[in-house]
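So you can see what is in the structure, the chains are spelled out below.
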Amino acid sequence: MSHAHPALSVADARLPRVSEYLSGPRPGRGGPGPEPNQSPGPGGDRVGQGEAPYGDAPALRQRLAELRGPGVQAKPLDARALAALAANPGCERRAILDGAGVDKTALASALGAPAPFGQSQFAFTRGHAFEARVKGDGGAELLRLVRERLDPSAPEPPPGGARLPDLAATGPQGRAGRTALALREAAAAAEAEGAWTLLDHPMLALEVAGTPAFLEPDAVVVHPDGTWTVVEIKSFPMLDGSADAAKVGAAARQAAVYVLALEDVAARLDPPPRVRHRILLVCPKDFSNLPTASAVDVRKQRAVTARQLGRLTRVEEIAAGLAPGACFSPELPADLLAETVESVRAEYTPECLATCELAFHCRARARAEGTVTVLGRSARAELGELAAVEAVLAAAHGEAGDAADPAVAALRRAARLREEALACR
Amino acid sequence: MTSVGAARAAAFDPGAEAARVTEAILRDTKVGAHRGVVVDSPPGAGKSTLVVRAALELADAGRPLMVVAQTNAQVDDLVLRLHEKRPDLPVGRLHSSDADAYDKALEGLDNVLLSDKAAALAGLPVVISTAAKWGHVKPSDAHWEQAIVDEAYQMRSDALLTVAGLFDRALFVGDPGQLDPFSVVGAEQWAGLSYDPSASAVSTLLAHNPGLPQHRLPVSWRLPASAAPLVSAAFYPYTPFRAGTGHDDRRLSFAVPSDGSGPDRVIDEAAHSGWGLLELPHRLTPRTDPEAVRAVATVVRRLLDRGGAAVSERSDVPVPLTADRVAVGTAHRDQAAAVRAALAELGVRDVVVDTANRLQGREYDVTVVLHPLSGRPDATAFHLETGRLCVLASRHRHACIVVCRAGVADLLDDHPSTEPVQLGVTVKFPDGWEANHAVLSHLAEHRVPWRP
Amino acid sequence: MSLITTLARLEAIRAGRAQPAATVRHRHLAERPLVVVPLTTAGEAGAPLGALVGCDRDAPRLLVVPQPRDRDLRSAFLAELADVVLPYVESFADDVELVEGKEADPETGRQVKVERELCADAPQLIVPSRAGVEFLRLLGRSTRFRRTADQDPETAYPAPPRVPLLGRWLTHFGERARVPGSSLLLAMTDLLSRHWATGQSSLEDQHLGALLAWIDPPVEEGLTGAEAALRAELGRDPEGQLLCPPAGPATDPAFDNRLLAPAIERYDRARSALAAAEDGVAADALLAHLSEAEREIGELVRSRTLPTWENVWRGLDLLRALPEASRVPDRWTGDRWSFTAHRDRVASGEPPQPRIDDAVTAAQKLARREREQAKLDAQEALDDPLVLAARRLTGEAFVGEVVEVAMTYTETKRPSPRPLVTVRTEDRPHLGEKAKVFRSLEGKPQTARFVAAEEEDGGAGGAGEVSAEGPLLVVLRIVDRMGRGKEPALGSVPEKGDRLCFTLFEHEPRGGPKLPDPENTPWTHGGPPSDPAPLPAADPVTEEDLL
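Just so we're clear, the structure is a prediction, and the values are computed from it rather than from any experiment.

**Notes on the nonpolar core**
Here's step 1: Counting residues in each nonpolar core, the largest one holds 104 residues, and the members touching the most others are A:Leu82, A:Ile96, A:Trp228 and A:Leu281.
Here's step 2: When residues in this core are grouped by element, the largest group, 13 residues, is from helix 10 (residues 245-266) of chain A.
Here's step 3: With 52 residues, the next largest nonpolar core counts C:Leu73, C:Tyr88, C:Cys119 and C:Leu166 among its residues.

Next up, the structure:
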């Protein structure tokens with residue numbers, strides 16, 4: 001990571017520099033070493049107050065507000081959006097838009113390339129019904145699954161069930177504060193009486209590039225030994241013990257964001273409770289509506305997300321490179337917007353189509369520019385410095401390029417072999 | 001770090017430590033109550049020595065033994081080592097019916113019996129073959145009380161399934177940090193099953209027999225004190241090992257002084273510190289980047305021209321650094337081919353140039369590595385695989401010189417992490433990203449910019 | 001992506017239409033395939049919404065589940081699906097040929113000759129996309145353990161009689177689809193992208209409409225492949241519905257929310273009203289309402305599946321225009337064996353396929369698939385110069401002219417011919433020391449050993465690799481298929497002037513070691529599986545079950 005900056009984010013501050021990997025213990029492996037919850041990062045205790053913790057962050061926030069446009073509220077980052085940072089970390093366009101809290105859906109529409117994402121109400125209804133069922137009966141079934149899959153030696157929750165603190169409060173800040181308090185009390189209750197506590201839809205705050213993001217996991221469980229577990233409830237099935245690996249991967253990345261946010265909260269308690277790095281994924285069993293669960297080790301995803309959150313500090317650097325007065329407000333005329341969007345380098349790849357609202361716009365631009373990566377990241381693998389469609393074709397057909405360049409030589413041989421084969425038809 | 005290391009080394013007697021573990025392994029193998037014993041052996045920790053010793057002790061105890069290795073080269077090597085150690089011990093080399101199924105060097109040896117039929121070798125104290133060949137032997141035709149399975153982490157679970165019916169008990173030995181076995185077709189459907197046929201033999205074995213004794217050889221006799229800590233930390237985060245030698249035990253020197261060029265400077269840096277990074281300017285290239293290939297060849301040429309001499313615990317006098325003590329490692333076969341051609345142009349003939357897969361288990365004084373990510377526009381799972389880098393960075397006794405284009409750190413940072421997750425599959429550590437960064441940042445301290 | 005594929009895709013971008021990725025058709029296409037276009041309900045595991053099925057392009061059968069959460073309606077759908085699929089499948093069961101084979105005699109263990117039945121042809125199912133294959137597999141899993149009232153009079157929700165059998169067949173098709181080169185169950189997107197390279201990514205190729213837009217752009221409308229693909233992906237009518245509905249089984253959320261949900265609501269209301277009807281006259285009127293609501297959902301399902309149905313048949317037309325590759329029938333025979341074997345298992349009353357493979361079965365399947373993959377890769381290259389071109393480019397094959405043949409013989413008691421053949425090639429094969437190479441001689445592989453190579457203009461020689469660009473002289477020693485005599489059989493040795501293709505890969509990959517029987521599973525793999533129940537238990541059925 002070569003982007004050292006005075007305005008470190010919380011996440012960045014607790015990530016060791018790469019050079020520390022060798023001398024010090026490494027992060028993200030659960031091994032011995034300074035876990036974040038043992039060394040509160042700067043600003044950790046400001047989370048939830050909406051106050052920029054350090055340095056020139058107010059200036060950055062001002063700058064980001066200008067980028068959104070006058071009167072446009074920042075679109076809060078949720079866990080899904082944070083997890084998606086890892087999908088294309090090289091894309092500066094996405095980094096600045098997410099970092100500034102720009103509503104990419106509105107922006108995409110304003111650019112004339114609306115995002116095709118939507119959710120079916122059937123899926124929505126079904127998801128809610130399943131979650132309600134999982135948490136029904138005072139969370140008895142959910143706690144049974146947590147105990148069975150993660151903590152079988154813990155005492156069973158009493159017949160009355162677990163502690164179910166009321167987390168209601170006004171506004172996300174209020175709810176985050178309420179959650180923090182409930183976690184503190186749960187720690188005390190665990191120590192005093194070995195109680196289980198189930199937090200239903202707690203609110204967690206995580207400082208991301210100078211602005212707090214509010215995150216709402218499905219549930220957090222405090223074990224009798226005082227440790228914390230993130231619970232993710234999904235409506236895709238676990239069929240004969242296995243599930244769609246892409247969906248499990250997405251759930252794991254999302255849960256990793258919650259783990260990081262919880263570690264922030266934990267760091268402020270004394271002694272700091274341990275946040276478990278194995279989360280519980282709850283899904284419908286086979287073709288039924290009955291819940292089943294599996295423990296998922298999210299250490300890797302946690303390390304990746306921490307790394308990507310750290311890299312969001314690039315936002316300031318990218319913002320500095322924009323023209324003064326640049327603005328992404330969807331109110332602006334499309335051509336002006338397009339120009340501003342173009343001024344930030346994008347790293348379009350076809351995978352973006354599934355993860356980024358702006359992807360169709362970026363694809364159209366990439367196609368218009370004739371970038372070979374419209375075919376996928378791997379298209380460039382053997383092309384060396386050649387990055388444009390016409391340049392590659394010209395080199396392949398001997399119209400341009402240096403024959404001593406092995407990429408050009410290979411292309412020419414490929415073109416010759418292809419022509420020879422097609423002539424056989 | 002050096003002084004702390006030296007102080008620790010003083011308290012730590014590698015020879016005694018290794019001997020203690022070896023005794024425990026042999027005890028568990030010979031008289032233990034368990035059907036299996038697993039030994040993790042980091043690079044150069046004496047795996048082959050252990051296998052040979054265990055084989056001899058079992059033979060001495062009158063327990064007929066079959067040995068399973070993964071490649072014909074490994075089998076031949078084991079036969080030769082056994083023969084060297086105990087020329088009077090009858091050893092069977094079971095081979096396939098292909099024309100050159102085994103090393104012709106075995107043909108003239110007394111007490112080494114060659115056959116493509118297991119029945120013809122029955123009754124010998126030791127019979128050695130590849131897993132593929134053993135798979136064709138029927139359990140009804142031949143049976144052994146004891147087996148040794150070598151390179152067990154590179155063996156696939158389904159290969160073990162085909163041979164496990166031939167023996168009652170086995171010693172499984174291997175290096176968990178090297179390249180994992182793979183399958184050319186999708187095996188996701190069995191992911192998470194204890195007996196996933198595409199997983200490693202050891203993971204299946206341990207899933208079904210969780211109580212088996214597991215040992216770890218704690219000392220690398222190959223890797224110098226400059227390399228063991230890095231390789232251990234980067235690739236074996238949960239199972240650290242140490243170098244068997246101290247910083248002063250090995251020395252590499254050159255009679256011809258440096259001409260100030262990049263290759264000479266990186267050679268001096270590596271001779272001095274054990275590591276050298278020859279960094280070429282950033283540029284995206286196809287795999288056979290001619291400049292990088294030429295740089296590799298030039299470094300090798302200079303290594304041989306400068307009258308290198310290696311001092312080590314093995315010999316009281318400096319040993320000349322000859323072509324057979326130097327190797328070049330690459331990620332791809334075409335890169336190896338390009339390096340060979342470049343070496344030939346420089347008149348270098350006898351230096352081994354091969355891919356990581358083929359360099360597994362081999363040892364040299366100095367290695368020159370073309371970094372798997374050098375010049376790449378994209379990092380793929382293949383190039384990030386920890387085992388690949390681990391093999392390349394752990395073949396040397398004295399020094400390792402890496403040739404690489406600048407910009408790999410950025411490439412790693414921009415690499416997307418959206419891997420699917422299979423339920424029930426144990427997460428493998430370290431992940432390629434972290435291991436790569438760990439190695440890169442260490443190499444950065446030994447960086448020499450390319451200058452012809 | 002191989003460089004030659006990248007190049008083809010880039011050519012497609014420039015041309016505005018897909019470019020050939022094959023010169024012949026590498027998959028078997030049945031004369032009368034059964035096309036299935038299924039739709040599923042969002043958020044539910046395998047709750048079908050409907051399907052268009054049939055062998056007749058002009059007369060697809062529409063199956064609909066008007067309320068996908070209703071167990072009885074779902075059962076009715078599955079029963080109907082069984083009524084279409086099973087007669088089609090069974091129509092191939094009786095026409096057999098007898099094939100001579102060898103089998104171990106159970107008494108003596110000796111190999112004896114036996115005659116075995118092989119179905120003369122086999123059924124072929126075609127779905128629009130990979131997700132469709134996955135969905136059929138899921139339907140197979142959800143139905144094969146169901147119990148009919150006959151099997152279990154106590155069962156709370158008996159399955160219609162033929163549904164468990166449908167499940168077993170769909171499971172078989174689904175498993176077979178995982179075997180490389182097999183053709184019992186195919187996805188149209190896979191078929192098309194095997195044969196054409198579009199100017200978009202392979203990810204985008206999974207959209208059937210967009211893929212076809214590249215392969216067969218509507219030139220008459222003046223659109224390029226890229227433009228037509230964009231329209232297929234994103235184009236919407238004034239009501240906000242996609243012009244080219246997704247090929248399924250998932251539907252577009254806009255369709256679910258704006259059209260389907262209200263229609264299902266109307267259906268539910270009509271049903272409750274009917275249930276509450278107080279007399280026959282009222283019931284008649286309400287029944288008409290219900291039928292109308294049901295018909296409406298049916299039309300919605302038809303409107304979403306019919307464009308895909310048309311697209312699948314259009315794809316078949318395009319593929320049929322390609323000549324069949326010569327080794328396709330050989331692989332189809334494998335499919336026929338697979339079909340025949342399952343037919344026999346069903347007939348002999350074997351239980352349905354287990355939920356999870358045991359260790360031996362899993363290893364067997366993996367080994368077979370690896371072998372079939374190697375075979376497919378080899379056969380496609382031998383059948384198709386364009387596929388071979390990619391292997392030549394990567395140094396795994398070379399084509400050249402024989403410039404010299406010199407006879408040599410083995411120094412054995414009965415000398416055998418070992419001719420040295422020099423081939424002049426412009427390719428750059430990765431020939432290691434003593435590497436084996438193969439050429440196809442009358443459909444069988446002939447082996448040669450690499451001896452030496454040198455640049456024609458006098459470059460480096462010996463084993464190893466040559467880097468420069470000019471023509472290469474490769475010396476090979478032919479080692480087999482020349483007959484038993486001292487002199488090689490007629491036509492078995494290449495002649496000067498022959499243009500030959502040698503591959504570094506084997507043409508007929510050998511089978512691997514034999515695996516133990518499941519009851520002999522060794523201790524390393526958990527020992528023999530516990531006695532399997534004669535019939536695996538059905539999935540538990542609960543009030544809120546979806547299937």
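That was the structure; now back to the text.
**What to know about the sheet that holds strand 18 (residues 396-405) of chain B**
Backbone-to-backbone hydrogen bonds join strands into a sheet, with any given pair of strands oriented parallel or antiparallel.
All names here are of chain B.
Here's step 1: Across the sheet, which stays open at both edges, the six strands sit in the order 16-15-17-18-12-19 with parallel pairing between neighbours. Bordering the open sheet on either side are strand 16 (352-355) and strand 19 (447-449), each of which pairs with just one other strand. Going across the sheet, the axis of each strand differs from the next one's by a mean of 20°, ignoring polarity.
Here's step 2: The pairing of strand 15 (residues 326-330) with strand 16 spans four bridges and is classified as parallel. Among the inter-strand pairings, Thr330 is bridged to a residue of strand 16, identified as Thr355.

**Observations concerning the UniProt feature "domain: DNA2/NAM7 helicase-like C-terminal" (unreviewed entry) in chain B**
Here's step 1: Under the feature "domain: DNA2/NAM7 helicase-like C-terminal" (unreviewed entry), the UniProt entry names residues 293-405 of chain B.
Here's step 2: Secondary structure content for residues 293-405 of chain B is 36% helix and 33% strand, while the C-alpha to C-alpha distance between its ends is 11 Å.

**Description of the state of the cysteines**
Here's step 1: All told, the structure shown has zero disulfides over all chains when counted by the stated rule.
Here's step 2: Here B:Cys390 stays free of any disulfide, with the sulfur of B:Cys400 as its closest cysteine sulfur at 11 Å.
Here's step 3: Looking at C:Cys55, it has no disulfide partner, and the nearest cysteine sulfur is the one in C:Cys119, 17 Å off.
Here's step 4: Residue C:Cys55 is classed as partly exposed on the basis of its relative accessible area, which comes to 24%.

**Observations regarding the pairing of strand 7 (residues 291-297) of chain A**
Residues and elements named next belong to chain A.
Here's step 1: Within strand 7, six of the seven residues are buried, which leaves the element mostly enclosed by the surrounding structure.
Here's step 2: Pairing of strand 6 (residues 278-284) with strand 7, which is carried by seven bridges, proceeds in the antiparallel orientation. Note that in strand 7 the partner of Cys283 across the bridge is Thr292.
Here's step 3: Where strand 6 folds back on strand 7, the antiparallel hairpin that results is connected by six residues, among which Asp286 adopts a positive phi of roughly 45°.

**What to know about the interface of chain C and chain B**
Here's step 1: Each partner contributes residues to the interface: chain C has 34 residues there, and chain B has 43 residues.
Here's step 2: Between chain C and chain B, a total of about 2900 Å² is buried, with carbon and sulfur atoms accounting for 63% of that surface.
Here's step 3: For chain C, the biggest contributors to the area lost against chain B are C:Leu366, C:Trp523 and C:His525; these three give 28% of the whole.
Here's step 4: Note that C:Glu370 is salt-bridged to B:Arg156, the shortest N-O span being 2.7 Å.
Here's step 5: Residues that form the side of chain C that touches chain B fall into these classes: twelve nonpolar, nine polar and 13 charged.

**Examining the interface of chain A and chain C**
Here's step 1: Counting residues at the interface gives 54 residues for chain A and 57 residues for chain C.
Here's step 2: Interface of chain A and chain C: buried area, both sides summed, is about 4900 Å²; carbon and sulfur atoms make up 63% of it.
Here's step 3: Contact with chain C buries surface across chain A, with A:Phe287, A:Leu375 and A:Arg418 losing the most and accounting together for 18% of the total.
Here's step 4: For the pair chain A and chain C, the interface holds ten salt bridges.
Here's step 5: With a shortest N-O distance of 3.8 Å, A:Arg126 and C:Glu44 are connected by a salt bridge.
Here's step 6: Between chain A and chain C we count 13 residue pairs in polar contact (both at pLDDT 80 or more) in total.
Here's step 7: Sorting the residues of the side of chain A that touches chain C by element identifies helix 7 (121-135), helix 15 (359-369), helix 16 (389-396) and helix 17 (406-423) of chain A as the ones contributing at least two each.
Here's step 8: No other element matches the eleven residues that helix 17 of chain A contributes to the side of chain A that touches chain C.
Here's step 9: Grouping the constituent residues of the side of chain A that touches chain C by class yields 29 nonpolar, ten polar and 15 charged.

**Topic: the pairing of strand 13 (residues 308-312) of chain B**
Residues and elements named next belong to chain B.
Here's step 1: Most of strand 13 is tucked away, with five of its five residues classed as buried.
Here's step 2: Neither face of strand 13 is exposed, since Gly308, Ala310 and Ser312 on one face and Ala309 and Val311 on the opposite face are all buried.
Here's step 3: Connecting strand 13 to the next strand, strand 14 (residues 315-320), in antiparallel fashion are two residues.

**Some details on the sheet that holds strand 13 of chain B**
Residue and element names in this part refer to chain B.
Here's step 1: Spatially, the three strands line up as an open sheet ordered 11-13-14, and their pairing is antiparallel. Looking at the sheet topology across the chains shown, the edges are occupied by strand 11 (251-254) and strand 14. Strand-to-strand twist in this sheet, taken as the mean axis angle between neighbours without regard to direction, amounts to 20°.

**Some points on the environment of C:Arg314**
Residues and elements named next belong to chain C.
Here's step 1: Relative to the assigned elements, Arg314 resides in helix 9 (residues 280-320).
Here's step 2: Classification of Arg314 by relative accessible area gives partly exposed; the value is 28%.
Here's step 3: As a C-alpha pair, Arg314 and Glu506 span 192 residues in sequence and 36 Å in three-dimensional space.
Here's step 4: Leaving out residues up to four positions away in the same chain, Arg314 has contacts with Arg57, Leu212 and Asp216.

**Some remarks on the confidence of the model for chain A**
Here's step 1: Put simply, chain A has an average pLDDT of 83, and 86% of its residues get 70 or more.
Here's step 2: Throughout residues 1-55 of chain A the model reports pLDDT below 50, and contacts reaching past four residues in sequence, or to other chains, amount to 113 contacts.

**Some remarks on the packing of aromatic side chains**
Here's step 1: Applying the stated criterion across every chain, the model contains seven aromatic pairs over all chains.
Here's step 2: With 5.3 Å between their ring centres and 35° between their planes, C:Trp169 and C:Phe339 make a pair best called tilted. Of this pair, C:Trp169 sits in helix 4 (residues 163-176) while C:Phe339 sits in helix 10 (residues 328-347); the two residues are 170 residues apart in sequence, bridging distant segments of the chain.
Here's step 3: Its relative accessible area of 4% is what places C:Trp169 among the buried residues.
Here's step 4: The exposure class assigned to C:Phe339 is buried, which follows from its relative accessible area of 0%.
Here's step 5: Their ring planes at 25° and their centres at 5.7 Å tell us that C:Phe398 and C:Phe502 sit as a pair that is stacked. Here C:Phe398, found in strand 10 (residues 397-406), pairs with C:Phe502, found in strand 15 (residues 499-503); they are 104 residues apart in sequence, far enough to count as distant.
Here's step 6: Through a chain of ring-to-ring contacts, three or more aromatic side chains come together here, namely C:Trp169, C:Phe173 and C:Phe339.
Here's step 7: Here B:Arg306 stacks its cationic end above the ring of B:Phe254, 5.1 Å away from the centre of that ring.

**Considering the pattern of salt bridges**
Here's step 1: Under the counting rule described, the total for this entry stands at 102 salt bridges over all chains.
Here's step 2: Between C:Arg266 and C:Glu296 there is a salt bridge whose closest N-O contact spans 2.3 Å. Linking C:Arg266 in helix 8 (residues 253-275) with C:Glu296 in helix 9, this pair joins segments that are 30 residues apart in sequence.
Here's step 3: The closest approach of N and O atoms between C:Glu396 and C:Arg391, which form a salt bridge, is 3.1 Å.
Here's step 4: Given a relative accessible area of 15%, C:Arg391 falls into the buried group.
Here's step 5: When salt bridges that share partners are traced, they join B:Arg222, B:Arg250, B:Glu313, B:Arg314, B:Arg325, B:Glu363, B:Asp365 and B:Arg397 into one network.

About the cut-offs
- Residues numbered from 1 in each chain as written.
- Chains lettered and ligands numbered in written order.
- Predicted model: local features only at pLDDT ≥ 70, side-chain atom pairs only at ≥ 80, totals over all residues.
- Heavy atoms only, no water.
- Core = buried A, V, L, I, M, F, W, Y, C linked by side-chain atoms within 4.5 Å.
- Buried < 20%, exposed > 50% of the residue type's maximum accessible area, 1.4 Å probe, protein only.
- Helix = DSSP H or I, 4+ residues; strand = E, 2+ residues; numbered from the N terminus.
- Pairing = 2+ DSSP bridges.
- Axes fitted to C-alpha atoms, helices over the stretch in contact; angles between N-to-C directions.
- UniProt positions renumbered as here; feature names shortened; annotations may be inferred.
- Disulfide = S-S within 2.5 Å.
- Contact = heavy atoms within 4.5 Å.
- Buried area = accessible area lost by both parts, 1.4 Å probe.
- Salt bridge = Lys/Arg side-chain N within 4 Å of Asp/Glu carboxyl O.
- Nonpolar A, V, L, I, M, F, W, Y, C, P; charged D, E, K, R; others polar.
- Polar contact = N/O pair within 3.5 Å; in protein donor to acceptor, adjacent residues only side chain to side chain.
- pLDDT = per-residue confidence, 0-100.
- Phe/Tyr/Trp six-rings, centres within 6.5 Å; stacked < 30°, edge-to-face > 60°.
- Lys NZ or Arg CZ within 6 Å of the ring centre and 35° of its normal.

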